[in-house]
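Here are the chains, one letter per residue:
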Amino acid sequence: MKIKVCGITRKEDLQRLVEYQVHYAGLIFYEKSPRFAAPKIDGRTVREIAGIKKVGVFVNALLEQVQRTILDYGLDMVQLHGDETPAFCAAIREQVQVIKAFRLGEDVNWSALLAAYIPVTDYFLFDTEAGKAYGGTGKRFNWELLQTYPYTHPFYLSGGIGLDETPELLELQLPALFAVDVNSRFEDRPGVKNMEKVRLFTDQIQSTYLK
Ligand SMILES: O=C(O)c1ccccc1NCC(=O)[C@H](O)[C@H](O)COP(=O)(O)O
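Every value quoted in this text rests on a predicted model; they were computed, and no experiment measured them.

*Asks:* Requested: an account of the pattern of salt bridges, with residues and values cited.
*Replies:* One pass over the structure, following the stated rule, counts 14 salt bridges. As a salt-bridge pair, K100 and E84 come within 3.4 Å of each other at their nearest N and O atoms. Pair noted here: K100 is in strand β5 (residues 97–104) and E84 is in the loop between β4 (77–80) and α4 (86–93), with a separation of 16 residues, a long-range link. Here E84 falls in the buried class, since its relative accessible area comes to 4%. Through salt bridges that share partners, R140, E165, E168 and R185 make up one connected network.

*Asks:* Quick one: what's the story with the state of the cysteines, residue by residue and with numbers?
*Replies:* Counted under the stated rule, the structure contains zero disulfides. For C6, which is in no disulfide, the shortest distance to another cysteine sulfur is to C89 and amounts to 17 Å.

*Asks:* So what's going on with the packing of helix α3 (residues 63–73) against α4? Which residues, and what values?
*Replies:* It is at 11 Å that the axes of α3 and α4 come closest, and there the two elements cross at 25°. Comparing the axis directions of α3 and α4 gives the class roughly parallel. Helix-helix and strand crossings are classified by hand; for α3 and α4 the assignment is right-handed. Across the interface between the two elements, L63, V66 and I70 of α3 pack against F88, A91 and I92 of α4. Grouping the amino acids of the contact of α3 with α4 by side-chain chemistry returns six nonpolar, no polar and no charged.

*Asks:* Got a sec to walk through the side chain of K193? Specific residues and values, please.
*Replies:* Along the chain, K193 falls in strand β10 (residues 192–193). Reaching out from K193, the side chain makes a polar contact with the side chain of E187 at a distance of 2.9 Å. Setting aside residues up to four positions removed in sequence, K193 forms contacts with V5, C6, G7, I8, D13, N183, F186, E187 and D188.

*Asks:* Break down the packing of aromatic side chains for me, citing the residues and quoting the values.
*Replies:* A ring pair, where both rings are aromatic, is described by two values, the distance of the centres and the angle of the planes. All told, the structure shown has 18 aromatic pairs when counted by the stated rule. When the ring of F29 is compared with that of Y73, the centres are 4.7 Å apart and the planes differ by 65°; the resulting orientation is edge-to-face. Placement of the pair is F29 in the loop between β2 (24–28) and α2 (43–48) and Y73 in helix α3, with a sequence separation of 44 residues. When sorted by exposure, F29 lands in the same class as Y73, which is buried. Cluster of aromatic residues (ring-pair linked, three or more members): F102, W110, Y117, F124, F126, Y149, Y151 and F155.

Rules and cut-offs
- Residues numbered from 1 in each chain as written.
- Predicted model: local features only at pLDDT ≥ 70, side-chain atom pairs only at ≥ 80, totals over all residues.
- Heavy atoms only, no water.
- Salt bridge = Lys/Arg side-chain N within 4 Å of Asp/Glu carboxyl O.
- Helix = DSSP H or I, 4+ residues; strand = E, 2+ residues; numbered from the N terminus.
- Buried < 20%, exposed > 50% of the residue type's maximum accessible area, 1.4 Å probe, protein only.
- Disulfide = S-S within 2.5 Å.
- Axes fitted to C-alpha atoms, helices over the stretch in contact; angles between N-to-C directions.
- Parallel < 35°, antiparallel > 145°, perpendicular 65-115°, else oblique.
- Left-handed = near helix turned anticlockwise from the far one by under 90°.
- Contact = heavy atoms within 4.5 Å.
- Nonpolar A, V, L, I, M, F, W, Y, C, P; charged D, E, K, R; others polar.
- Polar contact = N/O pair within 3.5 Å; in protein donor to acceptor, adjacent residues only side chain to side chain.
- Phe/Tyr/Trp six-rings, centres within 6.5 Å; stacked < 30°, edge-to-face > 60°.

All we've got here are geometric facts, nothing functional implied.
Below you can see the structure in the form of structure tokens.
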């Protein structure tokens, strides 16, 4: 299982993720997020750090803004966390791989939600529906829903995952589960990661799954 740590705003945290062999670092380019990366870490700093895939997270951004940020920050992937259309995903996918995020609650109609996005994305990400918030809420959704996921299209599991969830996470038998995405449960404050918690988590995941 791959690991993504989202909400990175500091060079030192990004460097530590490389050291811990985390696969993906998420940088949030949504100005209403307390983890908005742009004012805190610049493109050159991010581009110069190798050894980890950088994922830019956007919420209903303009195509040109996403395209410009991909180049400025050397993004490997884009995660679309708002109400982006399949056509928008397809346009971004001409440049980099695309993760489309969906927020889940108690129930889901998988085909109505996802079918149109399968041909235009590389991965899905399932996060938690929590009022008007787009992400980073620290809340879990009903993981039982995942037992009914009907596709082979790979997905990231997200939403409220902390160290307490690791045993349950490691027991999940879901063939399409590709990666786990963590964020606010590994912070001292928004945008400042608690790297000791990240290290414990990566050790637990990596000792179970072959990297
Ligand atoms: O984290 C944010 O502030 C955020 C704001 C707006 C859109 C997306 C955002 N985060 C995206 C992520 O991929 C988070 O890791 C995901 O929502 C899970 O967060 P958490 O429940 O805190 O683990």
